[in-house]
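# Close look at the chain arrangement
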Amino acid sequence: MTHNPIRTQKIAFFLLFLATLLIVVPVGLIVVIIIVKGLPAINWQFLTDMPRQGMRAGGIFPAIVGTIYLVLGAIIFALPIGLLAAIYLSEYAKENYLTRIIKLAIVNLAGVPSVVYGLFGLALFVVFFKFGASILSGSLTLGIMILPIIITTSREALESVPQSFREVSLSLGASKWQTIRHTVLPNAIGGIITGTILGIGRAAGETAPILFTVAAFYLPRLPQSIFDQAMALPYHLYTISTQVPNVDEKVRYGTALVLMVLVLFMNLIAIVIRYRFRKKKKW
Amino acid sequence: MVAQKFDIKDLNIWFGDTHSLKDVSMRIDANEILSVIGPSNSGKTTFLRMLNRLNDLQPNFKVAGRVEYGGKDLIKMAPEEVRRKIGMVFALPLPLPLSISENVCYGPRMLGVNNKKKLEEITERALKQAYLWDEVKDRLGTSAFKLSGGQQQRLCIARTLAVEPDVILFDEPCSGLDPISTAKVEEAMLILKQQYTIVLVTNNVKQAARVGGRTAFFLMGELIELDKTEKMFTAPGDKRTEGYIRGEFG
Amino acid sequence: MRKIKEFIIENLILICGLASIFFVVLIFLFLLKEGLSVFKIVSPLNFLFGKSWYPISEPPQLGILPLILGSMMVTAGAAIISIPIGVACAVYIAEIAPPKIKEPLKAGIELLAAIPSVVLGFIGMVTLVPWVKQLFNLPTGLTALSGSIMLAFMAMPTIVSIAEDALYSVPKSYKEGAFALGATHWQTIKRVILPASSSGILAAVMLGIGRVIGETMAVMMITGNSAVIPHSILIPIRTLTATIAAEMGEAVVGSEHYFALFAIGIVLFVISFAINVTADLFLHKKQ
């Protein structure tokens, strides 16, 4: 049989297309299933009520509140440190061995399994610092976990500011820090915000880091201080899927829906902001 | 006796292993326009950037020799102090992404001037000195990017003038401009030299002839010849200078 | 005054710059602090290669071989599924997809990457697991196979986006040269573009695998949690990550069980460190 390269190409391209479908279609299905089965559970009561009947009924309000506290705490910790670290890498670091090691460390922090972060948080914050299982421990653990995201996206944003802007500012007599503060940072703010929001999305969805550092199975009332334990959406979903029998199916799907919408919404905002800042860029 | 602005002795610059400037010695007088000409990679931009310490930004930058400015060693001074006194206008018009007045006020604000009225005075003075005031006085709050190339470049000159420097360095300032804008910039330079000392790096030999009182010719990192412009262009001392001016290479 | 402020800020910047090194070292140190104690009761060899994991029996049996093999089996299964499909999808997106489809496709895959693993675990529990049980007629669908399939879905976005970057950065001149010689698009992909981007694709695969090895919640919810040496892909198994997550709640702080779980954490940390460093080397290899 003669070898027909055009036919080979057609077959190959078809297979490649199939492979793509194999990824994209299940994603779509997953999202659709969660929406279809979870939507019936969503009403104002579900979102603002405390859980009842051992979490088989009632609402998920404390889990939502807990997640918000944790994420806020994580960002309060990670944003300043991450931004300053990004400024260091972009504006001050020289091409030397130390910089290489710092970049390697960031890659590693990004790759540490989330359950290992949980262990670390347990050993350092809960046990060693004696904060106990608390919002404080959980936030700090999550904060360290999202640090690489903030550093990497902020650094890219800073590095995309043209070098000529810095030269202009410096040649007018401004100091290095003044240049960063008044010229570089304002023009990198889009990327920095994007990275922050992506970090928020990640922190909101993680379960393993909060398993031993903050998560409470069930709390009869909302947390009052950062030393309290808290419920959280991801852990709540895990609990009612695996630990609590006979939970109404739509409650489970509803919780999954709320969590998924929260995380995807964060990612969507980040993408939109990134797009709009890119369009607004005048250089 | 003409006052000296710069006294440069045995200046050598390396970027890594590249020896970019070799044993340059010269003096620059107050209130003169010194044109610096030469083919690309001749070291003229490196030389210019030495005067406001912008070379410090390059990695692997090494310098040896002495550059005396106002009795002090320029190389040992704090860079900010140097740049306050020695301003630079770059090759491409580089307005900051701000309004016209914000561009002009940027320098003074960094130096601590906060008084709104004072800033307005400075803006007006600087824009007038750059021959831009009349064209923009009604729209100081609009974005600097809305100006034409020539106007933007004059804005950059105004921006530099706002901090009241002593010396202004021009790095091929007209390379992106049309002839009319070029003429306007050259006109401004000739007036400015009464108050400031000007060093102009240019790729355009004819521009050097039009503007400079003295001209320096650089080739491959060395200062080949430095003399009154008239003399350089009619009876250059070095064969290479003659070759470059006549367009035989470059 | 301003000078003092700037001095403080610039030093803060330096300290934060070093922060990431500080945290990596800190994590490793604390893992060691709590984990090394386990080697007072069991030798490293017996820990790593011991076949029985019964941490709460008296005396505790702390061999993590079943867990290591469980992780390996699930990871291998996920790799077999996700690598060909992921790379194929990356090729499709980078080379073949019409521009109008390309952006929504990439967005869809970014979406998959963003879905929290506990949500995927939940969906896997209610859809995949019963399906596997039915398909293979098993007593339970909580198996290594279910885990592999789900984890493949979690690895694929990583593989697709990094591989796509690698394919995209192949210089156009390579492609144009091949076309000029009369090659079809597919032939060009096969013989020129794929080899040229091989180190980037390799890095993509490694990072995808790295993500799989570290995955906790989804595995915990669908692989069954049975710490036995796996003899088939259709039985419940236990991974290293799931062990920590599932058992730390019951382990008393300071007990041998507690130390053993931290020791597993050390193993995980070292594995992910090795993968990330190697992948990074490949990503930065100049061709």
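The written sequence of each chain sets the order in which its residues are numbered from 1. Ligands are numbered from 1 and chains lettered from A, in the order in which they are written. Given that the model is predicted, a residue must reach a pLDDT of at least 70 before its local features are reported, and side-chain atom pairs must reach 80 or more before they are shown or counted; all residues, however, enter totals for whole chains, interfaces and linings.

## Some thoughts on the overall build of chain B
Helix and strand counts for chain B come out as 10 helices and 10 strands. Our radius of gyration looks at C-alpha atoms and nothing else; its globule reference is 2.2 Å times the residue count to the power 0.38. In terms of overall dimensions, chain B is globule-like: its C-alpha atoms have a radius of gyration of 18 Å, near the 18 Å expected for 250 residues. On the principal axes, the C-alpha backbone points of chain B span a range of 55 × 40 × 40 Å. We call two residues in contact whenever the C-beta atoms placed from their backbones are within 7 Å. Put simply, of all contacts in chain B between residues at least 6 apart along the chain, 69% involve residues at least 24 apart. Counting from the N terminus, the helices are DSSP H or I runs at least four residues long and the strands are E runs at least two residues long.

## Some details on the overall build of chain C
The helix and strand inventory of chain C stands at 13 helices and two strands. Across its three principal directions, the C-alpha atoms of chain C cover 75 × 75 × 35 Å. Buried residues in chain C amount to 50% of all 287 residues. Once C-beta atoms are placed from the backbone, each residue is buried if 20 or more other C-beta atoms lie within 10 Å of its own, exposed if 12 or fewer, and partly exposed for counts between those two.

## Brief notes about the sheet that holds strand 8 (residues 197–201) of chain B
By definition, the strands of a sheet pair up through backbone hydrogen bonds, in either a parallel or an antiparallel sense. Residues and elements named next belong to chain B. Spatially, the six strands line up as an open sheet ordered 6-7-8-3-9-10, and their pairing is mixed. The strands lining the two open edges of the sheet, one partner per strand, are strand 6 (86–89) and strand 10 (222–228). When the angles between neighbouring strand axes are averaged without regard to direction, this sheet yields 20°. Pairing between two strands is assigned when DSSP locates at least 2 bridges connecting them. Relative to strand 8, strand 3 (residues 33–37) runs parallel, the two sharing four bridges. Looking at strand 8, one finds that I33 is bridged to I198. An axis is simply a line fitted to the C-alpha atoms; with a helix, the fit covers only the stretch in contact. Between two such axes, the angle follows the N-to-C directions and lies from 0 to 180 degrees. Against the sheet, helix 1 (residues 44–51) makes contact with strand 3, strand 6, strand 7 (167–171), strand 8 and strand 9 (214–219), and its axis sits at roughly 150° relative to strand 8, the strand it touches most.

## With respect to helix 7 (residues 179–192) of chain B
Each full turn of the α-helix corresponds to 3.6 residues, which orients residues three or four apart in the same direction. Residues and elements named next belong to chain B. Residue count minus one, scaled by 1.5 Å, sets the expected span of a helix. With 14 residues, helix 7 should reach 20 Å at 1.5 Å per residue; the first-to-last C-alpha distance of 20 Å fits that figure. Buried within helix 7 we find S181, V185, A188, M189 and L192. All buried residues of helix 7 lie within an arc of 105° about the axis, which places them on one face of the element. In this structure, helix 7 carries P179, I180, E187, L190 and I191 as exposed residues pointing more than 90 degrees from its buried face. Summarising the contacts, the buried residues of helix 7 are in contact with strand 3, helix 6 (149–161), strand 7, strand 8 and helix 8 (205–211). Regarding the arc, it is the one traced by the directions from the helix axis to the C-beta atoms.

## Topic: the interface of chain A and chain C
Chain A puts 69 residues into the contact, and the matching count from chain C is 65 residues. If one sorts the elements of the side of chain A that touches chain C by residue count, helix 1 (residues 5–38) of chain A sits on top with 19 residues.

## Regarding the confidence of the model for chain C
The pLDDT averaged across chain C works out to 88; a share of 99% of its residues lies at or above 70. Across the interface, the model reports ipTM at 0.89; the global pTM reads 0.89. The pLDDT value expresses, per residue, how confident the predictor is, ranging between 0 and 100.

## Considering the sheet that holds strand 4 (residues 61–69) of chain B
Strand order in this open sheet of four strands is 2-1-4-5 (chain B), and the pairing throughout is antiparallel. The sheet terminates laterally at strand 2 (18–29) and strand 5 (72–73) of chain B, the two strands that pair on one side only.

## Details of the arrangement of the chains
Sorting the two pairs of chains in contact by contact count puts chains A and C at the top. Chain C makes no contact with chain B, the minimum C-alpha separation between the two being 10 Å.

## What to know about the pairing of strand 9 of chain B
In summary, the side chains of a regular strand alternate between the two faces of the sheet. Residue and element names in this part refer to chain B. With respect to burial, strand 9 is a largely interior element, six of its six residues being buried. Here strand 9 shows no split at all, with R214, A216 and F218 on one side and T215, F217 and L219 on the other all buried. When strand 3 meets strand 9, the two strands line up parallel, connected through four bridges. Of the residues in strand 9, the one forming a bridge with S35 is T215. Strand direction decides the pairing type here: strand 9 and strand 10, joined by six bridges, are antiparallel. When the bridges of strand 10 are listed, F218 appears paired with L223. The antiparallel hairpin formed by strand 9 and strand 10 contains two residues in its connecting segment, where M220 sits at a positive phi of about 50°.

## A short note on the confidence of the model for chain B
Chain-level pLDDT for chain B is 89 on average; 99% of the residues reach the 70-or-more range. Averaged pLDDT values for the elements of chain B fall to 86 in helix 10 (residues 239–245) of chain B and rise to 94 in strand 6 of chain B.

## Describing the interface of chain B and chain A
On the chain A side, the residues contacting the 19 residues of chain B number 17 residues. For the side of chain B that touches chain A, the elements supplying multiple residues, two or more each, are helix 2 (79–85), strand 6, helix 3 (100–110) and helix 6 of chain B. Each residue gets one label: Ala, Val, Leu, Ile, Met, Phe, Trp, Tyr, Cys and Pro are nonpolar, Asp, Glu, Lys and Arg are charged, and the others, such as Gly, are polar. Taken together, the residues of the side of chain B that touches chain A break down into 11 nonpolar, four polar and four charged.

## Remarks on the nonpolar core
For the purposes of this analysis, a nonpolar core is taken to be any set of buried Ala, Val, Leu, Ile, Met, Phe, Trp, Tyr and Cys residues that are connected through C-beta atoms within 7 Å. By size, the foremost hydrophobic cluster in this structure holds 188 residues, and its most contacted members are L70(A), V119(C), L151(C), I159(C) and A163(C). With 17 residues, the top contributor of residues to this core is helix 3 (residues 61–92) of chain A. Apart from residues lying up to four places away in sequence, A163(C) is in contact with G86(C), V87(C), A90(C), G200(C), I201(C) and A204(C). Counting residues in hydrophobic clusters, the runner-up holds 75 residues, among them L34(B), A130(B), F170(B) and V211(B).

## What to know about helix 1 of chain B
Residue and element names in this part refer to chain B. Helix 1 sits mainly inside the fold: eight of its eight residues count as buried. Of all the positions in helix 1, only K44, T45, T46, F47, L48, R49, M50 and L51 are classed as buried. R53 lies just past helix 1 and shows a positive phi near 60°.

## Things to note about the pairing of strand 8 of chain B
All names here are of chain B. Taking burial as the measure, the five residues of strand 8 include five buried ones, the bulk of the element. Because side chains alternate across strand 8, one face comprises the buried residues T197, V199 and V201, and the other comprises I198 and L200, equally buried. Examined bridge by bridge, strand 7 and strand 8 share five bridges and lie parallel to one another. Bridging from a neighbouring strand, L169 pairs with V199 of strand 8. Chirality of the crossover, the property in question, places the unit of strand 7, helix 7 and strand 8 among those that are right-handed. Seen with its strands pointing away from the viewer, a crossover is right-handed if its path from the first strand over the helix to the second goes clockwise.

## Observations concerning the environment of K137(B)
Tracing the backbone shows K137(B) in the loop between helix 5 (133–136) and helix 6. Considering only alpha carbons, one finds K137(B) and R240(B), 103 residues apart in sequence, at a separation of 48 Å.

## As for the packing of helix 5 (residues 114–128) of chain A against helix 2 (residues 19–35) of chain C
Two quantities define a packed helix pair, namely the angle between the helix axes and the distance between the axes. As a packed pair, helix 5 of chain A and helix 2 of chain C sit with axes 9 Å apart at the nearest point and diverge in direction by 75°. With respect to each other, helix 5 of chain A and helix 2 of chain C are oriented roughly perpendicular. Residues L119(A), F120(A), A123(A) and L124(A) of helix 5 of chain A lie in contact with helix 2 of chain C, whose contacting residues are I27(C), F30(C), L31(C), K33(C) and E34(C). Of the residues that constitute the contact of helix 5 of chain A with helix 2 of chain C, the class distribution is seven nonpolar, no polar and two charged. Any angle that falls under 35 degrees is termed roughly parallel, while one over 145 is termed roughly antiparallel, one within 65 to 115 roughly perpendicular, and all others oblique.

## A look at unusual backbone geometry
The omega torsion of the bond from E58(C) to P59(C) falls at 0°, within 30 degrees of zero and hence cis. Among the secondary structure elements, P59(C) is positioned in the loop between strand 1 (53–54) and strand 2 (61–62). One non-glycine residue, D10(B), adopts positive backbone phi at about 50°. Looking at the secondary structure, you find D10(B) in strand 1 (residues 4–15).

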